Structures are given as C-alpha cells and as structure tokens.
Amino acid sequence: MTIESSSPQSHFLFAEDACLPEGWRRNVLLQWNENGVLTGVTADACAPPYVARAGGPLMPGMPNLHSHAFQRAMAGLAEYRAQASDTFWSWRDLMYRLAARLTPETLAAVAHWLYVEMLKAGYTSVCEFHYVHRAPDGSAYASRAELAERVVDAAARAGIGMTMLPVLYEHSGFDRRAPGDEQRRFVNTPDELLELLSTLRQARPEHGALAYGVAPHSLRAVSEPSLRILIDGVTRSMPTAPVHIHVAEQTAEVDQCMAATGMRPVAWLLEHFDINARWCLVHATHVDGDEVAGLAASGAVAGLCPTTEANLGDGLFPAQAYLDTGGRIGIGSDSQIAVDWRAELRLLEYGQRLVWRARNVLASHTRPQVAERLVDAALAGGAQATGRAIGALRVGCRADWLVLDAQHPSIDMRARDMWLSGVVFCEQGASPIRDVYTGGRHVVQAGTHVDEAQAYAAYRHAMAELLR
Ligand code: ZN
C-alpha cells in the first residue's frame, strides 16, 4: 500500500494545544501545501468548520541524526558473553558477519520495517550513515549505488524524511592497514564515493523529504588527503551538504589517534579542517575540556546516541559542560538497540545524574525543565544535522509533527508545562505518541503505521534469510 497525498481541502489541521517555537500555544491552525511544507501556523485561531481536529496536543517530530539501518536485524542478538571480555570490538565482529549476508532485498525489507518503527516512535526524519555499498565478494553492483537506493526507497515507502549519507571507508586503522575481507563491502576511494553519490542523486533526486550529504567513516578509516578530496568534491556540487563522521567513540580509537598524529581526534579535526555548522561529530564521547570548548564554538552538532553508547560500553559524553558552553546536540538511534527518542534523552540525563550524583543536571537557569531543554536542543541540532528545513512547527518547515495522547496517564491531569517531562521521563506502559504526520501525511494513526502489517511480513521474510 502506498500513502496517498492529502486532498486539497485536507491541508489544514486544528489543534487545541501545540508546542510552537515560543512554547505551548492554544487553538493552533496549521496549513501546508501539496509539497508537504507548512504555509500557515496560527495560534489563538478559530477552528473553521471544514477543518479536521487533532486527537491531542501537537509537538514537532524528532530528527534521528544517526542510523545504520541494517543493524536493526542484530539488535538484541549480541547480549551474551562470547569471550572472557566482551567489548565494542567483539560486537563489531557480529555486525560484520551480518553485513556480509545482506542482499539488496533483505536490506530493503529491514530498512523499511525499521523506518516504520521510527515513525511509530516519533522520529519523522533520519540521517542514514550508509556504508554497505558493494556485493559480498567486494565487486561493485551494476549500479554502484544499488544498496543506497534501496535504503532511500525504503524511507520513501515508510514516509520518513531522509538525509542519505554515503560513507567513505578506506582502511581499517590509523596505520592504514588494508581492509580485511569482512570490510570489503564498505570500501571505496574518495572518487568512487563521489561517483556513487552522483549516481544516487541522478537516480533518486533530492526533494522535500530527501537530502544528501557525505560521511567519512572515521579518522581511523579515512586518511587526511582522502578526507580533503571528499569534502572538496562534495562542496563543489553541494556547498551546504551535511558532513557526518564517527569521531571519538572508543578510548582505543583516541589512543591510536594520539599515537598516529599526536592529537586527540576532535582536536585534530578542529585543527585541520574547517569544522562548522555543516558538520555532525557522531560519538564525540571522549573529549577533553579544550575539545568541548572548541566543538561548542565551531557550530557543529555533537551526534549523541546514548542507548547505543551504553549498550556498547563506550563511555559518557560531558553533556553538562558542553551544553552550558552553548554546544549543539542531536540524538540518533545508531545501532537500533532502542528506536525511541524519549529513551535517548532520558538516558542522556540519567548518565549525568549517575556521574554527578545529582538531579536535573542538564537543566539550566533559563530552562529549568530538563525535558524541555533537551527536546528543544535535539530538535534544533537534529534538524541542523539533516540539512533539511525541519524540527519546528513554523512556516517554511516540513509538516512533520506528533500528536500526543492527552488521556495518557503521564499527561492527563497535569499542567501543560509538565507534558514534555511526562513524555520524556515516564516509562509506564504504552507510548504517549498517538499519531504521526510527515509532510502533512498521516502515517501513524492511533499508534499503527498505515503500512505496518505488510512491512512486518517482509521483515520476517528477510530475517529468515539473514539468520538462516
Ligand atoms: Zn554509527
């Protein structure tokens, strides 16, 4: 089933409460055009008789700034001790075995189901850090962008906005070791990757729900000259395209970077490249005080993935110091161990509480409600990282929003300024997210995605193949 565009008269919605950039407002009338872009946001409005009414309070949809779609297939399969000491690196071995088995068809089915899950959870856009490019034997597919096209198509079918970031992966360490067999599906030269991106943009041109950027995998997988070729190459044709990189996820990675360059990864990047608002530094987990200040001043986004970082035993990002210095953040589901932006924000705060043995650590004097501060930060930083006009109920932004369940026990009977606290911090029972709209289309209705049954049937079929 495909999702039909709204008919002209249905390009309005009236909400008794909506979370606008200035805060909660009453009686909000939304209007959007046939391209799915908001053209009117009016508070204190009267509800025209022909306009549909939202089933509860509205808030903007959350951007997911870091995803590896295929990893959904292994979520929960690495939660046992396989050797004396399980680490990120043993998890990575399992991930490589799964990546080796992917086909275009199984990848498409897993990605489609994942994006249905994201929408149900209230993620209305996703940055896909896509690094499986080649056939299992390391040869290029007839279309170099075959697998990326499948992921882009899966997003379109599900109705989630996408920023596709094809990944440049050259070698498997700072010593420029040749990639092993388990990495041969990922490998390209910068020129090959730029060609892949160009092929992809011709096959699937940008539109309101689709943007492109690039993702140098990490400093351990991409050399400085190649990083320069990639950035210069993409900037020539797409001057504002986002650039995402895994930067300092593991202490071993920081140690290797120190040994190879004499600098820590974030410090090295800040020193050698013009890190600005186009950049998203994913897993800036291990940063010292100077790096915190430098990253915050750069205008780049720190891409935080708290549930994955906890699951992989990465470490804790110094979020309090960074936010208090004006740093920008967004959140991602990364390994898909959780597909839930509420859980990411909750764990971001709880990690700090456990470290500092204090409460409401990430609140501030001007934003005493920690949930409001974190939601606003993740909306703004996440939107910036996508390179798309999203993240707010504002004219010119994409018509993406969530309808909360006003009768949910975590919202019902509470003052309006407590609603986001209930949404983020209460974990009782069913989700308080009732409906989801993307580009003005009503893709999740009363908790069910319009294509959910079919997507799940295809996912089960793919999992039977992958786990055989
Ligand atoms: Zn990642």
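Residues numbered from 1 in each chain as written. Predicted model: local features only at pLDDT ≥ 70, side-chain atom pairs only at ≥ 80, totals over all residues. Heavy atoms only, no water.

Counting its secondary structure elements, the protein chain contains 14 helices and 18 strands. Compactness check: the protein chain gives a C-alpha radius of gyration of 21 Å against a globular reference of 23 Å for 468 residues, within 12% of the reference. With the principal axes as the frame, the protein chain shows a C-alpha extent of 65 × 50 × 45 Å. Scored against the burial criterion, the 468 residues of the protein chain give a buried share of 59%. Taking contacts inside the protein chain between residues at least 6 apart in sequence as the whole, the part at least 24 apart equals 74%. Carbon and sulfur atoms form 51% of the exposed surface of the protein chain, whose accessible area is close to 18,400 Å². One finds the centroid of the 41 positive side-chain charges in the protein chain at a distance of 2 Å from the centroid of its 52 negative side-chain charges. (Helix = DSSP H or I, 4+ residues; strand = E, 2+ residues; numbered from the N terminus. Rg over C-alpha atoms; globule rule 2.2 N^0.38 Å. Buried < 20%, exposed > 50% of the residue type's maximum accessible area, 1.4 Å probe, protein only. Contact = heavy atoms within 4.5 Å. Areas by Shrake-Rupley, 256 points an atom, 1.4 Å probe, with all protein chains shown as cover. Lys, Arg positive; Asp, Glu negative; His and termini not counted. Charge placed at Lys NZ, Arg CZ, Asp CG, Glu CD.)

It is worth spelling out the packing of helix 5 (residues 224–237) against helix 7 (residues 265–272) at this point. Their axes nearest at 13 Å, the elements helix 5 and helix 7 cross at an angle of 55°. With respect to their mutual orientation, helix 5 and helix 7 come out oblique. Remark: the crossing between helix 5 and helix 7 carries right-handed chirality. Contact residues: helix 5 offers Glu-224, Leu-227 and Arg-228, while helix 7 offers Trp-268, Leu-269 and His-272. Grouping the constituent residues of the contact of helix 5 with helix 7 by class yields 3 nonpolar, 1 polar and 2 charged. (Axes fitted to C-alpha atoms, helices over the stretch in contact; angles between N-to-C directions. Parallel < 35°, antiparallel > 145°, perpendicular 65-115°, else oblique. Left-handed = near helix turned anticlockwise from the far one by under 90°. Nonpolar A, V, L, I, M, F, W, Y, C, P; charged D, E, K, R; others polar.)

Attention now goes to the sheet that holds strand 12 (residues 279–282). Read across the sheet, 4 strands follow the order 11-12-13-14 without closing on themselves; strand pairing throughout is parallel. Each edge of the open sheet is held by one strand with a lone partner, namely strand 11 (243–246) and strand 14 (328–331). Between one strand and the next, the sheet's axes are offset by a mean angle of 25°, whatever the strand orientation. (Pairing = 2+ DSSP bridges.)

Turning to the coordination of the zinc ion, a few remarks are in order. Every protein donor of the zinc ion is listed here as His-66 (NE2), His-68 (NE2) and His-246 (NE2), and their distances to the metal cover 2.0 to 2.2 Å. Along the chain, the residues donating to the zinc ion fall in the pattern H-x1-H-x177-H. In this pair, His-68 sits in the loop between strand 6 (62–67) and helix 1 (88–101) while His-246 sits in strand 11, placing the two residues 178 residues apart along the sequence. Pair check on accessibility: His-68 and His-246 agree, each one buried. (Donors = N, O, S within 2.8 Å, 3.2 Å for Na, K, Ca; no water.)

Our next topic: unusual backbone geometry. Phi angles above zero are rare outside glycine, and Gln-336 is one such case at about 70°. Looking at where Gln-336 falls in the secondary structure, it is placed in the loop between strand 14 and helix 11 (341–356). Classification of Gln-336 as buried rests on a relative accessible area of 2%.

At a minimum axis distance of 8 Å, the contact between helix 2 (residues 104–121) and helix 14 (residues 452–466) shows a crossing angle of 135°. Overall, the two elements helix 2 and helix 14 adopt an arrangement that is oblique. When the axes of helix 2 and helix 14 are compared, the crossing they make is left-handed. Seen from helix 2, the contacting residues are Thr-106, Ala-109, Val-110, His-112, Trp-113, Val-116 and Lys-120; seen from helix 14, they are Glu-452, Ala-455, Tyr-456, Ala-458, Tyr-459, Ala-462, Glu-465 and Leu-466. Of the residues in the contact of helix 2 with helix 14, the class split is 10 nonpolar, 2 polar and 3 charged.

For the rest of this paragraph, the subject is empty space enclosed by the protein. Tallying each qualifying case throughout the model produces 3 cavities of 30 Å³ or more. Of the voids in this model, the largest cavity is the one considered here, and its volume is about 190 Å³. For the largest cavity, the lining is made up of 19 residues, of which Phe-88, Met-95, Tyr-131, His-217 and His-246 are closest to its centre. When residues in the lining of the largest cavity are grouped by element, the largest group, 5 residues, is from helix 1. Considered class by class, the residues forming the lining of the largest cavity number 8 nonpolar, 7 polar and 4 charged. A volume near 60 Å³ is recorded for the second largest cavity. (1 Å grid on protein atoms, 1.4 Å probe; cavity = no way out; pocket = protein on both sides within 12 Å on 5 of 7 lines; lining within 4 Å. Points joined across faces, edges and corners; volume = space filled by probe spheres on them.)

This next bit is on helix 4 (residues 190–203). The end-to-end C-alpha separation of helix 4 is 20 Å, in line with the 20 Å expected for 14 residues at 1.5 Å each. For helix 4, the secondary structure elements touched by its buried residues are helix 3 (146–158), strand 8 (161–168), strand 9 (210–212) and helix 5. (Expected span 1.5 Å × (residues − 1).)

A few words now on the domain arrangement of the protein chain. For the protein chain, the assigned domains are domain 1 (8–60 + 392–451) and domain 2 (62–386). Taking the mean C-alpha position of each, domain 1 and domain 2 sit 28 Å from one another. Contacts between the two partners involve 26 residues from domain 1 and, on the opposite side, 27 residues from domain 2. By the criterion of area lost to domain 2, the three top residues of domain 1 are Val-424, Phe-425 and His-449, representing 27% of everything that side buries. Taken together, domain 1 and domain 2 are joined by 1 salt bridge. In this structure, the salt-bridge partner of Arg-346 is Glu-427, at a minimum N-O distance of 3.3 Å. (Domains from an automatic or database assignment. Buried area = accessible area lost by both parts, 1.4 Å probe. Salt bridge = Lys/Arg side-chain N within 4 Å of Asp/Glu carboxyl O.)

With respect to burial, strand 6 is a largely interior element, 6 of its 6 residues being buried. When strand 6 meets strand 7 (residues 123–130), the two strands line up parallel, connected through 4 bridges. When the sheet's bridge partners are listed, Ser-67 is paired in strand 7 with Glu-128.

Taken together, the side chains of Leu-316, Val-355 and Trp-356 define a hydrophobic patch exposed on the protein surface, amounting to about 310 Å² of accessible area. Within the fold, Val-355 resides in helix 11. For Val-355, a relative accessible area of 42% corresponds to the partly exposed category. (Patch = residues over 30% accessible without salt bridge, like charges linked within 9 Å, V, L, I, M, F, W, Y side chains within 5 Å.)

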